[in-house]
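If you want the building blocks of each chain, they are given just below.
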Amino acid sequence: MKLESHPFFAVFNQEAAAQLVKDAEELSRKDRAAVFEEGDAADSMYLVLAGGVELTKKDPAGGRQILSSVKEGEYFGVFGLLDGKTRSAGAVCRGQTTLAKISKDVVMDLFRRSPESSLALASHVIEKMRVSNELYAEERLRHERMSLVEKITSKIVQDMKGPFTAMHMTMFAIDKRSSKDEAAHKLCQLVDGQLNRMQHMIEEIRDFSHGRTQVSSKPLNVAMLFSQFVESNKEYMTQQNIALSVAGIKPIIMEGDEEKLLRVLQNLANHSLEAISAKPGKISLDATKKEESVVITYSDS
(Lines give C-alpha, C1' and ligand atoms only; values in the text may rest on other atoms or scores of the structure.)
Protein backbone atom coordinates (compact mmCIF):
# COMPACT_ATOMS: atom_id res chain seq x y z
CA MET A 1 0.00 0.00 0.00
CA LYS A 2 1.27 3.45 -0.91
CA LEU A 3 1.62 5.87 1.98
CA GLU A 4 -0.74 8.51 0.56
CA SER A 5 -3.50 5.90 0.01
CA HIS A 6 -3.64 4.81 3.66
CA PRO A 7 -7.24 5.24 5.01
CA PHE A 8 -5.95 7.19 8.02
CA PHE A 9 -5.43 10.30 5.88
CA ALA A 10 -9.07 10.31 4.78
CA VAL A 11 -9.94 11.52 8.30
CA PHE A 12 -8.39 14.94 7.57
CA ASN A 13 -8.94 17.67 5.00
CA GLN A 14 -6.72 17.67 1.92
CA GLU A 15 -4.18 20.20 3.23
CA ALA A 16 -3.74 18.47 6.61
CA ALA A 17 -3.48 15.03 4.99
CA ALA A 18 -0.81 16.25 2.56
CA GLN A 19 1.25 17.66 5.43
CA LEU A 20 1.04 14.40 7.40
CA VAL A 21 2.11 12.40 4.34
CA LYS A 22 5.07 14.73 3.85
CA ASP A 23 6.22 14.42 7.48
CA ALA A 24 5.68 10.66 7.80
CA GLU A 25 8.76 8.40 7.86
CA GLU A 26 8.53 4.99 6.18
CA LEU A 27 10.16 2.08 8.04
CA SER A 28 10.84 -1.53 7.05
CA ARG A 29 10.92 -4.12 9.83
CA LYS A 30 11.62 -7.86 9.86
CA ASP A 31 9.38 -10.52 11.35
CA ARG A 32 9.19 -10.37 15.19
CA ALA A 33 11.00 -7.01 15.30
CA ALA A 34 9.79 -4.80 18.16
CA VAL A 35 8.25 -1.45 17.19
CA PHE A 36 8.07 -0.33 20.82
CA GLU A 37 7.93 -1.92 24.28
CA GLU A 38 5.33 -1.64 26.99
CA GLY A 39 6.27 1.34 29.20
CA ASP A 40 8.15 3.22 26.46
CA ALA A 41 7.49 6.93 25.93
CA ALA A 42 4.71 7.53 23.41
CA ASP A 43 6.61 9.71 20.95
CA SER A 44 4.90 8.67 17.70
CA MET A 45 2.04 6.76 16.06
CA TYR A 46 2.27 4.21 13.24
CA LEU A 47 0.38 3.31 10.08
CA VAL A 48 0.65 -0.24 8.68
CA LEU A 49 1.40 -0.13 4.94
CA ALA A 50 2.24 -3.83 4.54
CA GLY A 51 2.43 -6.86 6.82
CA GLY A 52 0.98 -6.65 10.31
CA VAL A 53 1.66 -5.89 13.97
CA GLU A 54 0.66 -7.65 17.19
CA LEU A 55 -0.07 -5.55 20.27
CA THR A 56 1.07 -7.49 23.34
CA LYS A 57 0.88 -7.26 27.12
CA LYS A 58 3.29 -8.81 29.60
CA ASP A 59 1.71 -11.37 31.92
CA PRO A 60 2.76 -12.11 35.54
CA ALA A 61 4.73 -15.16 34.40
CA GLY A 62 6.92 -13.03 32.12
CA GLY A 63 5.30 -14.14 28.89
CA ARG A 64 3.38 -12.04 26.39
CA GLN A 65 -0.35 -12.10 25.73
CA ILE A 66 -1.59 -10.91 22.33
CA LEU A 67 -4.22 -8.21 22.81
CA SER A 68 -5.01 -7.55 19.16
CA SER A 69 -3.61 -7.59 15.63
CA VAL A 70 -3.20 -4.54 13.41
CA LYS A 71 -3.50 -5.23 9.69
CA GLU A 72 -2.49 -3.37 6.54
CA GLY A 73 -4.57 -0.20 6.26
CA GLU A 74 -4.91 0.23 10.04
CA TYR A 75 -2.95 2.29 12.59
CA PHE A 76 -1.83 2.04 16.21
CA GLY A 77 -0.01 3.96 18.93
CA VAL A 78 -2.28 7.01 18.87
CA PHE A 79 -3.61 6.81 22.44
CA GLY A 80 -0.26 7.70 23.98
CA LEU A 81 -0.13 10.85 21.85
CA LEU A 82 -3.51 11.99 23.13
CA ASP A 83 -3.21 11.17 26.85
CA GLY A 84 0.55 11.75 27.28
CA LYS A 85 1.07 8.44 29.09
CA THR A 86 3.64 5.73 28.39
CA ARG A 87 2.87 2.78 26.13
CA SER A 88 0.27 0.51 27.72
CA ALA A 89 1.28 -2.38 25.43
CA GLY A 90 4.15 -3.51 23.27
CA ALA A 91 4.08 -3.81 19.46
CA VAL A 92 5.78 -6.60 17.49
CA CYS A 93 5.86 -7.07 13.71
CA ARG A 94 4.19 -10.15 12.24
CA GLY A 95 6.05 -10.99 9.07
CA GLN A 96 8.01 -8.52 6.94
CA THR A 97 6.30 -5.22 7.73
CA THR A 98 6.30 -1.70 6.31
CA LEU A 99 5.22 1.10 8.63
CA ALA A 100 4.78 4.85 8.42
CA LYS A 101 5.90 6.65 11.57
CA ILE A 102 4.30 10.00 12.42
CA SER A 103 5.94 11.76 15.34
CA LYS A 104 4.05 13.28 18.26
CA ASP A 105 5.50 16.71 17.42
CA VAL A 106 4.01 16.55 13.91
CA VAL A 107 0.58 15.54 15.21
CA MET A 108 0.56 18.17 17.98
CA ASP A 109 1.70 20.87 15.55
CA LEU A 110 -1.15 19.94 13.21
CA PHE A 111 -3.63 20.17 16.08
CA ARG A 112 -2.37 23.66 16.99
CA ARG A 113 -2.68 24.89 13.42
CA SER A 114 -5.93 23.07 12.64
CA PRO A 115 -8.30 22.48 15.59
CA GLU A 116 -10.78 20.76 13.26
CA SER A 117 -8.10 18.10 12.58
CA SER A 118 -7.90 17.27 16.29
CA LEU A 119 -11.69 16.92 16.39
CA ALA A 120 -11.65 14.68 13.30
CA LEU A 121 -8.98 12.41 14.78
CA ALA A 122 -10.71 12.29 18.19
CA SER A 123 -13.98 11.27 16.50
CA HIS A 124 -12.19 8.58 14.53
CA VAL A 125 -10.43 7.24 17.64
CA ILE A 126 -13.71 7.18 19.59
CA GLU A 127 -15.34 5.17 16.79
CA LYS A 128 -12.40 2.78 16.81
CA MET A 129 -12.75 2.37 20.58
CA ARG A 130 -16.47 1.70 20.21
CA VAL A 131 -15.80 -1.09 17.71
CA SER A 132 -13.07 -2.50 19.96
CA ASN A 133 -15.43 -2.47 22.93
CA GLU A 134 -18.06 -4.33 20.93
CA LEU A 135 -15.50 -6.94 19.90
CA TYR A 136 -14.36 -7.26 23.52
CA ALA A 137 -17.95 -7.72 24.68
CA GLU A 138 -18.52 -10.40 22.04
CA GLU A 139 -15.30 -12.18 23.01
CA ARG A 140 -16.23 -11.99 26.71
CA LEU A 141 -19.66 -13.47 25.97
CA ARG A 142 -18.06 -16.23 23.90
CA HIS A 143 -15.66 -16.99 26.76
CA GLU A 144 -18.54 -17.21 29.24
CA ARG A 145 -20.45 -19.51 26.92
CA MET A 146 -17.39 -21.74 26.47
CA SER A 147 -16.93 -21.81 30.24
CA LEU A 148 -20.51 -23.03 30.58
CA VAL A 149 -19.94 -25.65 27.84
CA GLU A 150 -16.81 -26.78 29.70
CA LYS A 151 -18.76 -27.31 32.92
CA ILE A 152 -21.60 -29.13 31.17
CA THR A 153 -19.35 -31.40 29.08
CA SER A 154 -17.13 -32.25 32.06
CA LYS A 155 -20.25 -33.33 33.94
CA ILE A 156 -21.53 -35.28 30.93
CA VAL A 157 -18.20 -37.10 30.56
CA GLN A 158 -18.25 -37.99 34.24
CA ASP A 159 -21.91 -39.01 34.30
CA MET A 160 -21.67 -41.06 31.10
CA LYS A 161 -18.73 -43.19 32.21
CA GLY A 162 -21.00 -45.56 34.10
CA PRO A 163 -23.61 -46.10 31.36
CA PHE A 164 -20.93 -46.45 28.67
CA THR A 165 -19.06 -49.04 30.73
CA ALA A 166 -22.32 -50.93 31.34
CA MET A 167 -23.16 -50.92 27.61
CA HIS A 168 -19.65 -52.10 26.70
CA MET A 169 -19.98 -54.96 29.20
CA THR A 170 -23.43 -55.84 27.86
CA MET A 171 -22.14 -56.00 24.29
CA PHE A 172 -19.22 -58.14 25.44
CA ALA A 173 -21.59 -60.56 27.24
CA ILE A 174 -23.96 -60.80 24.25
CA ASP A 175 -21.04 -61.33 21.89
CA LYS A 176 -19.62 -64.09 24.10
CA ARG A 177 -22.96 -65.90 24.34
CA SER A 178 -23.52 -65.58 20.60
CA SER A 179 -20.02 -66.56 19.54
CA LYS A 180 -21.35 -68.93 16.88
CA ASP A 181 -23.73 -66.32 15.45
CA GLU A 182 -21.71 -64.28 12.95
CA ALA A 183 -24.49 -61.72 12.44
CA ALA A 184 -24.82 -61.11 16.20
CA HIS A 185 -21.02 -60.86 16.50
CA LYS A 186 -20.85 -58.18 13.81
CA LEU A 187 -23.75 -56.28 15.37
CA CYS A 188 -22.04 -56.27 18.76
CA GLN A 189 -18.83 -54.98 17.18
CA LEU A 190 -20.80 -52.28 15.37
CA VAL A 191 -22.54 -51.09 18.56
CA ASP A 192 -19.28 -51.21 20.52
CA GLY A 193 -17.54 -49.12 17.86
CA GLN A 194 -20.31 -46.51 17.88
CA LEU A 195 -20.13 -46.31 21.69
CA ASN A 196 -16.39 -45.60 21.43
CA ARG A 197 -17.07 -42.85 18.88
CA MET A 198 -19.67 -41.26 21.14
CA GLN A 199 -17.15 -41.19 23.98
CA HIS A 200 -14.50 -39.62 21.73
CA MET A 201 -16.95 -36.97 20.54
CA ILE A 202 -17.92 -35.96 24.08
CA GLU A 203 -14.27 -35.82 25.15
CA GLU A 204 -13.42 -33.68 22.10
CA ILE A 205 -16.15 -31.20 23.03
CA ARG A 206 -14.73 -31.02 26.54
CA ASP A 207 -11.19 -30.50 25.22
CA PHE A 208 -12.44 -27.82 22.80
CA SER A 209 -14.10 -25.96 25.68
CA HIS A 210 -10.68 -25.97 27.40
CA GLY A 211 -9.13 -24.44 24.27
CA ARG A 212 -7.49 -27.72 23.24
CA THR A 213 -7.86 -29.22 19.78
CA GLN A 214 -6.04 -32.34 18.72
CA VAL A 215 -5.78 -34.27 15.47
CA SER A 216 -4.54 -37.85 15.88
CA SER A 217 -2.97 -38.14 12.46
CA LYS A 218 -1.48 -41.50 11.53
CA PRO A 219 -1.15 -43.73 8.43
CA LEU A 220 -4.47 -45.29 7.44
CA ASN A 221 -5.74 -47.43 4.61
CA VAL A 222 -8.45 -45.61 2.64
CA ALA A 223 -10.07 -48.87 1.51
CA MET A 224 -10.33 -49.99 5.14
CA LEU A 225 -11.78 -46.59 6.09
CA PHE A 226 -14.48 -46.95 3.43
CA SER A 227 -15.11 -50.54 4.53
CA GLN A 228 -15.77 -49.42 8.13
CA PHE A 229 -18.16 -46.73 6.91
CA VAL A 230 -20.08 -49.16 4.70
CA GLU A 231 -20.24 -51.81 7.43
CA SER A 232 -21.71 -49.28 9.86
CA ASN A 233 -24.35 -48.04 7.46
CA LYS A 234 -25.28 -50.68 4.90
CA GLU A 235 -28.10 -52.36 6.85
CA TYR A 236 -29.90 -49.10 7.64
CA MET A 237 -29.26 -47.76 4.14
CA THR A 238 -30.76 -50.95 2.67
CA GLN A 239 -33.87 -50.44 4.79
CA GLN A 240 -34.09 -46.88 3.43
CA ASN A 241 -33.73 -48.19 -0.15
CA ILE A 242 -30.38 -46.46 -0.65
CA ALA A 243 -27.43 -48.27 -2.20
CA LEU A 244 -23.89 -47.72 -0.92
CA SER A 245 -21.28 -47.93 -3.65
CA VAL A 246 -17.50 -47.90 -3.18
CA ALA A 247 -15.30 -47.69 -6.27
CA GLY A 248 -12.70 -50.40 -6.74
CA ILE A 249 -9.82 -48.26 -5.55
CA LYS A 250 -6.20 -49.26 -5.50
CA PRO A 251 -4.54 -49.59 -2.07
CA ILE A 252 -3.97 -46.03 -0.83
CA ILE A 253 -2.24 -45.12 2.41
CA MET A 254 -2.71 -41.60 3.72
CA GLU A 255 -2.04 -39.60 6.87
CA GLY A 256 -5.22 -38.68 8.71
CA ASP A 257 -7.42 -38.89 11.79
CA GLU A 258 -9.55 -41.97 11.23
CA GLU A 259 -12.24 -41.06 13.77
CA LYS A 260 -12.71 -37.57 12.39
CA LEU A 261 -12.79 -38.79 8.77
CA LEU A 262 -15.42 -41.41 9.64
CA ARG A 263 -17.42 -38.71 11.39
CA VAL A 264 -17.26 -36.49 8.30
CA LEU A 265 -18.49 -39.34 6.10
CA GLN A 266 -21.26 -40.12 8.57
CA ASN A 267 -22.41 -36.49 8.64
CA LEU A 268 -22.51 -36.45 4.84
CA ALA A 269 -24.53 -39.68 4.84
CA ASN A 270 -27.00 -38.22 7.35
CA HIS A 271 -27.50 -35.18 5.11
CA SER A 272 -27.99 -37.47 2.11
CA LEU A 273 -30.67 -39.44 3.95
CA GLU A 274 -32.55 -36.21 4.58
CA ALA A 275 -32.05 -34.87 1.06
CA ILE A 276 -32.74 -37.91 -1.13
CA SER A 277 -36.45 -37.78 -1.86
CA ALA A 278 -36.63 -40.00 -4.92
CA LYS A 279 -36.07 -43.64 -3.94
CA PRO A 280 -34.17 -45.79 -4.69
CA GLY A 281 -31.17 -43.59 -3.94
CA LYS A 282 -27.43 -44.04 -4.18
CA ILE A 283 -24.36 -42.90 -2.24
CA SER A 284 -20.95 -43.36 -3.87
CA LEU A 285 -17.43 -43.14 -2.47
CA ASP A 286 -14.17 -42.92 -4.38
CA ALA A 287 -10.56 -41.97 -3.67
CA THR A 288 -7.65 -41.07 -5.93
CA LYS A 289 -4.00 -40.33 -5.24
CA LYS A 290 -2.76 -37.03 -6.70
CA GLU A 291 0.94 -36.41 -6.10
CA GLU A 292 1.25 -35.89 -2.31
CA SER A 293 -2.50 -35.62 -1.71
CA VAL A 294 -5.47 -38.00 -1.56
CA VAL A 295 -8.80 -36.79 -2.96
CA ILE A 296 -11.87 -38.44 -1.42
CA THR A 297 -15.04 -37.99 -3.50
CA TYR A 298 -18.48 -38.39 -1.94
CA SER A 299 -21.60 -38.13 -4.11
CA ASP A 300 -25.28 -38.94 -3.79
CA SER A 301 -28.31 -39.04 -6.02
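By convention here, each chain's residues receive numbers from 1 onward along its written sequence. Owing to the predicted nature of the model, reporting of local features is limited to residues with pLDDT of at least 70; listing and counting of side-chain atom pairs is limited to 80 or more, with chain, interface and lining totals taken over all residues. The side-chain values count all of the structure's non-hydrogen atoms but skip hydrogen atoms and water molecules.

Caption draft 1: Fine view of the packing of aromatic side chains. Between 30 and 60 degrees the pair is tilted, below 30 it is stacked and above 60 it is edge-to-face, where a pair is any two Phe, Tyr or Trp rings, Trp via its six-membered ring, whose centres lie within 6.5 Å. One pass over the full model with this rule turns up six aromatic pairs. Arranged with centres 5.2 Å apart and planes meeting at 70 degrees, the rings of phenylalanine 8 and phenylalanine 12 form a pair that is edge-to-face. The exposure class assigned to phenylalanine 12 is buried, which follows from its relative accessible area of 9%. Considering the side-chain rings of phenylalanine 8 and tyrosine 75, the 5.0 Å spacing of their centres and the 65 degrees angle between planes classify their relative orientation as edge-to-face. Of this pair, phenylalanine 8 sits in the segment before α1 (14-23) while tyrosine 75 sits in strand β6 (residues 75-76), and the two are 67 residues apart along the sequence. By the burial criterion, phenylalanine 8 is buried, and tyrosine 75 matches it. Each residue in the set Phe8, Phe9, Phe12 and Tyr75 is aromatic and connected to the rest through ring pairs, giving one cluster. By definition here, charges over rings are those cases where NZ of Lys or CZ of Arg is within 6 Å of the ring centre and within 35 degrees of the ring normal. Directly above the aromatic system of phenylalanine 36 lies the positively charged group of arginine 87, at a separation of 4.0 Å from the ring centroid. Only protein chains enter the accessibility calculation, which uses a 1.4 Å probe. A residue is then buried if its area is under 20% of the maximum for its type, exposed if over 50%, and partly exposed in between. By the criteria applied, helices consist of DSSP H or I runs no shorter than four residues and strands consist of E runs no shorter than two, each listed in order from the N terminus.

Caption draft 2: Highlighting the packing of helix α6 (residues 222-239) against helix α7 (residues 258-275). Axis geometry follows a simple rule: fit a line to the C-alpha atoms, using only the stretch in contact for helices, then measure angles between N-to-C directions, giving values from 0 to 180 degrees. Between α6 and α7, the least distance of the axes is 10 Å, while the angle of their chain directions is 30 degrees. Compared by their axis directions, α6 and α7 come out roughly parallel. Seen from above, α6 lies across α7 with right-handed handedness. Residues Leu225, Phe226, Gln228, Phe229, Asn233, Tyr236 and Met237 of α6 form the contact with α7, whose participating residues are Glu258, Leu261, Leu262, Leu265, Gln266, Ala269 and Leu273. Throughout this entry, Asp, Glu, Lys and Arg are counted as charged residues, while Ala, Val, Leu, Ile, Met, Phe, Trp, Tyr, Cys and Pro are counted as nonpolar. The remaining residues, Gly among them, count as polar. Counted by class, the contact of α6 with α7 contains 10 nonpolar, three polar and one charged residues. Roughly parallel means an angle under 35 degrees; roughly antiparallel, over 145; roughly perpendicular, 65 to 115; everything else is oblique. Helix crossings get a hand from a simple test, with the near helix turned counterclockwise from the far one by less than a right angle marking a left-handed crossing and a clockwise turn marking a right-handed one. Contact between two residues is taken to exist if any of their heavy atoms lie within 4.5 Å; hydrogens are not considered.

Caption draft 3: Broad picture of the sheet that holds strand β13 (residues 293-300). Two strands are counted as paired when DSSP detects at least two bridges linking them. The mixed open sheet is built from three strands, whose spatial order is β10-β12-β13. Looking at the sheet topology across the chains shown, the edges are occupied by β10 (242-246) and β13. Strand-to-strand, the axes of this sheet are offset by a mean angle of 15 degrees, without reference to chain direction. Examined bridge by bridge, β10 and strand β12 (residues 281-290) share five bridges and lie parallel to one another. Its bridge partner lying in β12, serine 245 is registered against serine 284. Here α6 sits on the sheet in contact with β10, β12 and β13, set at roughly 170 degrees to β10. On the sheet, α7 packs against β10, β12 and β13 and is oriented at approximately 20 degrees with respect to β13.

Caption draft 4: Up close: the nonpolar core. We define a nonpolar core as any set of buried Ala, Val, Leu, Ile, Met, Phe, Trp, Tyr and Cys residues linked to one another through side-chain atoms lying within 4.5 Å. If you look at the biggest cluster of nonpolar residues, it comprises 23 residues, and the most contacted ones within it are Phe8, Phe9, Phe12, Leu20, Met45, Leu47 and Ile102. Examining the composition of this core, we find that four residues originate from one element, helix α3 (residues 104-113), more than from any other. Not counting the four nearest positions on each side in its chain, phenylalanine 8 is found in contact with Leu20, Met45, Leu47, Tyr75, Ile102 and Leu121. By size, the runner-up hydrophobic cluster in this structure holds 18 residues, among which are Leu220, Ile242, Ile252 and Leu265.

Caption draft 5: Expanded view of the sheet that holds strand β1 (residues 25-29). Read from one edge of the open sheet, four strands run β1-β8-β3-β6, paired in antiparallel fashion. Strands at the two margins of the open sheet, each flanked by one partner only, are β1 and β6. Note: β1 against strand β8 (residues 97-103), five bridges, orientation antiparallel. When the sheet's bridge partners are listed, glutamate 26 is paired in β8 with alanine 100.

Caption draft 6: Structural detail: the pattern of salt bridges. For this document, the term salt bridge refers to a Lys or Arg side-chain nitrogen within 4 Å of an Asp or Glu carboxyl oxygen. Tallied over the full model, the rule gives eight salt bridges. Across the pair arginine 64 and glutamate 37 runs a salt bridge, and its minimum N-O distance is 2.8 Å. Residue arginine 64 is located in strand β5 (residues 64-71), and its partner glutamate 37 is located in the loop between β2 (34-36) and β3 (44-50); the two are separated by 27 residues in the primary sequence. Here arginine 64 falls in the partly exposed class, since its relative accessible area comes to 40%. Put simply, lysine 260 and aspartate 257 hold a salt bridge, and the shortest N to O gap is 3.4 Å. Overall, aspartate 257 belongs to the buried group, its relative accessible area being 9%. When salt bridges that share partners are traced, they join Asp109, Arg112 and Arg113 into one network.

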